[in-house]
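# Results of the structural survey
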Amino acid sequence: MFELAKCIHNSHTMSKKKNIRKMFFKNIKKRLNPSKTGNNKNRIDEMDPLLKKDDPPNPNYMGINEAPQIGQMLQNGQLSEAYPLICALDRSHRKTHFEVMQKQWTRLITEVFSGYTADPKKLHSALQVIQMGKSYDSCLEDHLEGEELMPHKWWAECTKLIEKLVMTGVPQLSSDRQGSGVNGYLQTVQEYMLQELLRLTPLLQGTWVLQLYAHYLHKSIFEQLNKALERAMLISDCFILLFWTMRTYKSEHLLGHQKLYQYKDLDLDMVLFTSWFTKAQDKLLQCIKLEVSETLEKILKNEYSAEATPDEEKFIQFQLDIKLFLNGLIKEAQKISQEMKKCVQVACARELLLFAEKYQPLHNKYMNTYIRASSREIYLMKAINNLINLRLYLGTLIDDPEDSNFRRVESSLKRTEEQAVNILLSEEVFKSQTRFKKYFKGKGRPLNEMAEEIVGRLGRLQMQNHDAYKVVVTSAYERICSEYLMGLLATITNYRCLLKLWNNNEQRMKHDAECLLRSFSSLDAGLRNNNQMLVQVAELLQLKEVSNIMLAATAMMQKFPQLSEKILKDILALKQLSKSQIASILEVVKENNHHLVKNNEGIRLPVCLARLLSCFCCCFRKKKKTVGPALDSQLNPHV
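Residues numbered from 1 in each chain as written. Predicted model: local features only at pLDDT ≥ 70, side-chain atom pairs only at ≥ 80, totals over all residues. Heavy atoms only, no water.

Turning to the nonpolar core, a few remarks are in order. Membership of the largest hydrophobic core comes to 105 residues, with the highest contact counts inside it found for W105 and F113. If near-sequence neighbours (up to four positions away) are discounted, W105 is found in contact with L79, A126, V129, I130, W154, E157, C158 and L161. Core analysis: the next-biggest nonpolar cluster, separate from the first, contains 67 residues, F315, F440, L541 and I582 among them. (Core = buried A, V, L, I, M, F, W, Y, C linked by side-chain atoms within 4.5 Å. Buried < 20%, exposed > 50% of the residue type's maximum accessible area, 1.4 Å probe, protein only. Contact = heavy atoms within 4.5 Å.)

This model, assessed by the stated rule, comprises 15 aromatic pairs. Relative to Y213, the ring of F113 has its centre 5.5 Å away and its plane inclined at 45°; by these criteria the two rings are tilted. One end of the pair, F113, is in helix α5 (residues 91-113); the other, Y213, is in helix α9 (residues 209-229), and 100 residues separate them in sequence. Taken individually, F113 and Y213 each receive the classification buried, so the pair is uniform in this respect. Taking 5.6 Å as the distance between ring centres and 85° as the angle between the ring planes, the aromatic pair formed by F222 and Y249 counts as edge-to-face. In this pair, F222 is assigned in helix α9 and Y249 in the loop between α10 (235-248) and α11 (270-305), connecting sequence segments 27 residues apart. (Phe/Tyr/Trp six-rings, centres within 6.5 Å; stacked < 30°, edge-to-face > 60°. Helix = DSSP H or I, 4+ residues; strand = E, 2+ residues; numbered from the N terminus.)

Attention now moves to the environment of S80. With respect to the helices, strands and loops of the structure, S80 is situated in helix α4 (residues 79-87). When the C-alpha positions of S80 and K122 are compared, they lie 9.2 Å apart, and in sequence the two are 42 residues distant. Separated by 3.0 Å, the side chains of S80 and E81 make a polar contact. (Polar contact = N/O pair within 3.5 Å; in protein donor to acceptor, adjacent residues only side chain to side chain.)

Here we take up the packing of helix α23 (residues 533-542) against helix α24 (residues 546-559). Put simply, α23 and α24 touch, their axes get as near as 9 Å, and they point 170° apart. Classified by the angle between their axes, α23 and α24 sit roughly antiparallel to one another. Contact residues: α23 offers Q536, V537 and L540, while α24 offers I549, A552, A553, M556 and K559. Looking at the contact of α23 with α24 residue by residue, the classes come out as six nonpolar, one polar and one charged. (Axes fitted to C-alpha atoms, helices over the stretch in contact; angles between N-to-C directions. Parallel < 35°, antiparallel > 145°, perpendicular 65-115°, else oblique. Nonpolar A, V, L, I, M, F, W, Y, C, P; charged D, E, K, R; others polar.)

In short, geometric facts, not functional conclusions.
This is the structure we're talking about:
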């Protein structure tokens, strides 16, 4: 009985298993051929043991009967049309088709960015399906292997692929550490960019890839330009890089080409540009510091090694070499931008200031060792001319004339220039200095003869069409005027004796002042406009009314601010004015001239005026009347 019951139970169990298996295969057939199912509601309600219970039913669910149609679409490059059909397949079939689709668009994009031709329709379809994949529901695939092949990953994969293709396609800068190939490399890059842009822009127009391509192309170009800045470069190479980046890169020759109008609306990363430009500018200034310093040293070496001759070209070679070199750099910088010009000009001025401090053409050892006596005159003229032009050229480079470094170097150059003039005027041909002591006693030579003698000697100097000659003539004129005024002021105690000799001291002084000015103006006509101090002193002495004397004294001190209160007081003493009248005149002059220079203040003055003041001091202190470096240094402790 027990055995019978056991057999019945086993038979029932086997029957139950057969029914379950039959139901399983029946459901599979319904899923594979849904058109033959009778009731959709019953089909949806029946749970497929192959599906998870939490999977929502898909009313658009398609079977594998659609696979041939999808395969044909993939083969024809209709990726965007095949994409929704693949999404309607079951997961296992979707994975296979997505893998094929990814290979399709990868091949298309690789061919396009590798220089091959492509069907625009297929390319646009591939780009469209990549964009469609961004909205793919990735949570449905998190349990499958090969998730990286799913559509929601395509955008990132495509971006990486395009970046790699663009980066590797751009011409690479050679590993050569010298900068000689910069110009050739930029020409190669320009040709490549223009060719690729003209080829790809029409193909990518209207797609999201155009902006992406422009971004990575822009990025890869500046990566190469950054590599260029790491190389050893000349100033010329820096200018080529900056000019190409600032003027050519966005010009009609490249991104601004008339057929690339689409690029006008693209958003390029300007941070890359500004960051590179800052580095390039620093590199340029570094090159300027090194190359300008070396070049100026070579110019100075050539100047010292060349023999001083009256040759016109060699006479101006020093200043000409400096100006041509530095002006050339500034001109190249101006081609880039006005700001770059200003930056380079400041850098050049800084190096020239350092150079000017080292320029000592009158070094005693050099003068005594290398300069022959026969060529000392022309050498001194050349040195004066170089100093004048170097000082004036520095003034054109400096933005702030009150800059402390500039003022210090300018004063140093001016002192050296005055030293050279003093040496030249103390040479053998000028040792016969005019002496007015006998002249004011009526025993000396006529003034016009003394003036003409000096003018004749100055007229025999060479290089008269240069600035140095004008400076020498002016200095000689001021020297004679200072000696004349020195002798005149020395007659304060016996002014009445001079009056008996001349009859009209004021008129005679005016005549002498005009005589000196007329003689020296034959060498330099500019003296009539700039150096009439002696004439104005003569005119002041002719005035009678105290009020007029006040006005004339005030105007004279304003025009010649180097004159001291002591000098003016002694000039007024020649008028035989009372102490109270002199005091009142000086008070008015002080109120209108706050810049009066006193001898005991130790303020630096030009050598010619220092010489004049030293003569006055010698007269008033009854010392020997000499003009030389000792008294100059006494009155100018800073010189």
